Amino acid sequence: MKTTAQAVIIGGGVVGASVLYHLTKLGWSDVVLLERAELTSGSTWHAAGGFHTLNGDTNMAALQGYTIKLYRELEEITGLSCGLHHVGGVTLADNADRFDMLVAERAKHRYMGLETEIIGPEEIRKIAPITNTDGILGALYDPLDGHLDPSGTTHAYAKAARMGGATIETHTMVTATTQRADGTWDVVTDKGTIHTEHVVNAGGLWAREVAAMAGIYAPLHPMEHQYIVTDDVPEIVARDSEHPHVMDPAGESYLRQEGRGLCIGFYEQPCRPWAVDGTPWSFGAELLPDDLDKIEDSIEFAYNRFPALARAGVKTVVHGPFTFAPDGNPLVGPVPGMRGYWSACGVMAGFSQGGGVGLMLAQWMIHGECERDVTAMDVARFGGWITPGYTRPKVIENYQKRFSVAYPNEELPAARPHRTTPMYDIFTSHGAVWGHQYGLEVPNYFAQGDEPTFETPSFRRSDAFDAIAREVKGVRSNVGITEVHNFGKYRITGRHARAWLDRIMAGRIPKEGRISLTPMLSPKGKLLGDFTVSCTGENSFHLTASYGAQAQHMRWFLQHQEDGVSIENISDKLNGFSIAGPRATDLLAACTRDDTAMRFLDTRPMTIGQTACTVQRVSYTGDLGYEIYCDPMDQRALWTTLWTAGQPMGLSLFGMRAIMSLRLDRHFGSWMREFSPDYTAKETGMDRFIQWDKDFIGKEAAVADNPDRALVTFVVDATDTDVTAYEPIFLDDEVIGFCTSGGYSHHLGKSIAFGLIPKAQVAEGLRVEVELLGDRRPATLITTPLFDPDGSRLRA
Ligand SMILES: Cc1cc2nc3c(=O)[nH]c(=O)nc-3n(C[C@H](O)[C@H](O)[C@H](O)COP(=O)(O)OP(=O)(O)OC[C@H]3O[C@@H](n4cnc5c(N)ncnc54)[C@H](O)[C@@H]3O)c2cc1C
């Protein structure tokens, strides 16, 4: 066995094999894969082998598309068969919400160039005749759906990788991974040790154990899963072409032809986590005992949907474990806080996603960044707050909801509340209806009177509409208060702090007492963050950005740390409140003896009541407003001061839903909506914050960038539903762009959407159409905010 390698991949399932292949494809040949048994010895060998593009996250869907198209390439390169059956598939909708969801998915596919189609019951019966369409409203047809041979495919990846110079050692068990002082790794096996710069955990069912060897917690959990293969089915035998896949979300089942019979698998409600205390090393290429009782209800439902099944005998039952992350997406990328340690695990759909995971990880390892935004599968989307006790109920919830309708305003209840601020009980007593962000409880809105204390999930305007309208009015007409805990916050200090920030951030770093807004770019000029930077002292800065991107931002900062710079994540060490509205200054003045005369983008220390605070003259509401930060231990005292002083003025509470409505009025974009690693500064207008006369990471690319699309704002003539994300934008029947986000502006009484369209088309008053739940709604481009167009109120 080799004793050195550029990269060592632990695990020879479909994911490890794909990573290995993609590393060679992108130019690394000194790469080794270590497999404790034979290739495919984990979940891979017993998978049903189905693949599809459908995924709520657009980038994940695109990567699934890449994976599916890759199989032909593998077959051509290696001469091996992946056992491909491109039979197409239908996903059924048995109720209006599910149909809405499929229609919305279809709309996204238009811009992505995926040839899916919405079909009615008659066509379903034509395409998939064994389906009983009673109660079915329609379906999404995807010609790319299909299945393959899991073992053949894994071996094709492996052969292609070997052809690219990679080495595969089977029957080689990794027993330890130890980091040397210089950051490189010793991967210790029962056959010797390999010294390497990069370790990839593709341990699948054993990924938790492999991660633990490096002192890492991998937030995933195995679940038991079962499918049945039948004897010959006459209706199938009689066909002269293969029957397509049928996904029946109501029955939580997926069905396909297998030989002359059928194969059907279930995501049953009485599901069971497997190997709760760890996957035994003794678990080999084996199955779990059949448990048809567990899926009894699902089978009965399936007998009604597919009557031919009821007449067929069961030939085989396959019951095995596979792993899930808490949100069901893979865990990919550099593990935060570690050098040279990469995650490629938690892949629950290895045959839909394995190719994309391999490609993205290889790009990340070799080029330092991926060609597209991979936040949905970035291992850093979970922070240090995640524990096995959180992961397990979330994984169970995810399994049970695998086929459920996913609503844009839905809040999933498992493992909550997990993290709360000192305001939790106070806000609850004020009617807080809670949402969830990066493990933290965040108030969505505050229900009063007979307003709903639970927001019913919906694709249309929700039953919280009136409550949100009331909160927006409170801000715009008077003064409102909300918590500002859910920002990622960082303290940058040290003698080189300013110089370092100047290099890391593309924008201007402010003078003491001032605040600036700046994008942070990757070397390829992609947006890595939109930051607010405050200079609180000569060598002292306070940064705020998206709360959910904390681990990603810290990973980037630490990768680029230099001597003389100290970087601290203080996201949970500074809490506070945002007060906003025309009377915000009156409220502030009523609470302090300090001078409250501040210009827009000023920052200064202040004593508010009895609490030492830092006050910033900024507000994401687009209104006159302040962010007031303090030590979390002081937060309740600060609250009492502000709330008490605000009562005579009619101070009111507002939550996240109101904030997301208020920001529309001033065309404020939002991280992971308008701004994400999919976009550049020039595309999104963030270039207006760039300081071009200095050097910064990504400058060369940003200078050279000459995008042909631009972010713009539309007023949409919507009825009862607003833009959420990725709805196509039509001009004269042609899709010219897509929406990044939108919503209802309660203050303006208008539906607003942001979207990317060709730069050449941008013109005030351009009339387009935006597809909302299958309905093309007229929309008009506006270049100036309808609220406070000259910013005089914001800067008052
Ligand atoms: C019943 C069932 C049906 C499924 N059907 C589908 C389907 O239709 N479509 C689909 O896309 N997915 C399906 N899946 C999921 C699919 O099987 C997984 O997504 C996929 O196999 C994950 O592959 P992996 O490489 O991440 O992990 P694994 O296949 O578990 O591979 C991990 C490998 O790492 C090796 N390893 C671990 N630790 C060490 C160590 N210390 N040293 C050396 N080697 C080590 C193991 O031996 C193993 O070979 C199904 C799963 C089940 C259980």
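Residues numbered from 1 in each chain as written. Predicted model: local features only at pLDDT ≥ 70, side-chain atom pairs only at ≥ 80, totals over all residues. Heavy atoms only, no water.

## Overview of the pattern of salt bridges
Line of reasoning, step 1. Enumeration according to the criterion identifies 45 salt bridges in this entry.
Line of reasoning, step 2. Asp94 is the partner of Arg98 in a salt bridge, and the nearest nitrogen-oxygen pair spans 2.8 Å.
Line of reasoning, step 3. The exposure class of Asp94 is partly exposed, given its relative accessible area of 27%.
Line of reasoning, step 4. Among the salt bridges present, the one from Arg555 reaches Asp378, with a minimum N-O distance of 2.6 Å. You can see Arg555 sitting in helix H15 (residues 550-559) and its partner Asp378 sitting in the loop between helix H10 (350-367) and helix H11 (388-400), a full 177 residues away along the chain. (Salt bridge = Lys/Arg side-chain N within 4 Å of Asp/Glu carboxyl O. Buried < 20%, exposed > 50% of the residue type's maximum accessible area, 1.4 Å probe, protein only. Helix = DSSP H or I, 4+ residues; strand = E, 2+ residues; numbered from the N terminus.)

## A look at the site of the ligand
Line of reasoning, step 1. With respect to spatial proximity, 39 residues lie near the ligand, and among them Glu35, Thr44, Gly50, Val347 and Phe351 are the closest.
Line of reasoning, step 2. Between the ligand and the protein, one listed contact pairs an oxygen atom with a side-chain N or O atom of Thr44 at 2.5 Å.
Line of reasoning, step 3. Computed on the free molecule, the ligand has an accessible area of 1,000 Å², of which 97% lies beneath the protein chains in the complex.
Line of reasoning, step 4. Those elements that provide at least two residues to the shell around the ligand are helix H1 (14-25), strand E12 (221-230), strand E16 (314-324) and H10.
Line of reasoning, step 5. Of the residues in the shell around the ligand, the class split is 20 nonpolar, 17 polar and two charged. (Near = heavy atom within 4 Å. Polar contact = N/O pair within 3.5 Å; in protein donor to acceptor, adjacent residues only side chain to side chain. Areas by Shrake-Rupley, 256 points an atom, 1.4 Å probe, with all protein chains shown as cover. Nonpolar A, V, L, I, M, F, W, Y, C, P; charged D, E, K, R; others polar.)

## A word on the side chain of His542
Line of reasoning, step 1. Along the chain, His542 falls in strand E25 (residues 540-546).
Line of reasoning, step 2. Apart from residues no more than four positions distant in its own chain, His542 is found in contact with Lys489, Tyr490, Thr532, Val533, Ser534, Thr536, Leu574, Gln616 and Tyr629. (Contact = heavy atoms within 4.5 Å.)

## Some remarks on the environment of Arg777
Line of reasoning, step 1. For Arg777, the location among the structural elements is in strand E37 (residues 775-782).
Line of reasoning, step 2. Under the relative-accessibility criterion, Arg777 is labelled buried at 17%.
Line of reasoning, step 3. Along the backbone, Arg777 and Phe465 are 312 residues apart, and their C-alpha atoms lie at a distance of 21 Å.
Line of reasoning, step 4. Apart from residues no more than four positions distant in its own chain, Arg777 is found in contact with Val716, Asp717, Ala718, Thr719, Val768, Glu769, Val770 and Leu772.

## Some details on H11
Line of reasoning, step 1. Helix length check: H11 (13 residues) gives 18 Å between terminal C-alpha atoms against 18 Å at 1.5 Å per residue, within 8%.
Line of reasoning, step 2. When H11 is considered as a whole, its buried residues turn out to be Tyr390, Thr391, Lys394, Val395, Glu397, Asn398 and Tyr399.
Line of reasoning, step 3. Where the residues of H11 are buried, they touch E12, strand E15 (261-266), E16 and strand E19 (432-437). (Expected span 1.5 Å × (residues − 1).)

## What about the sheet that holds strand E30 (residues 625-630)?
Line of reasoning, step 1. One open sheet accounts for six strands, arranged E28-E29-E30-E27-E21-E31; its pairing is mixed. Only two strands of the sheet have a single neighbouring strand rather than two, namely strand E28 (603-608) and strand E31 (652-653).
Line of reasoning, step 2. Here strand E27 (residues 575-580) runs beside E30; their pairing, made up of six bridges, is antiparallel. Bridge assignment links Ile579 to a residue of E30, and that residue is Tyr626. (Pairing = 2+ DSSP bridges.)

## What to know about the pairing of strand E17 (residues 331-334)
Line of reasoning, step 1. Two elements, E17 and strand E18 (residues 341-345), share four bridges in a ladder whose sense is antiparallel. In the sheet register, Pro334 faces E18, and the bridge partner there is Trp342.
Line of reasoning, step 2. Taking the residues between adjacent antiparallel strands as the criterion, E17 and E18 are bridged by six residues, where Gly337 takes a positive phi near 85°.

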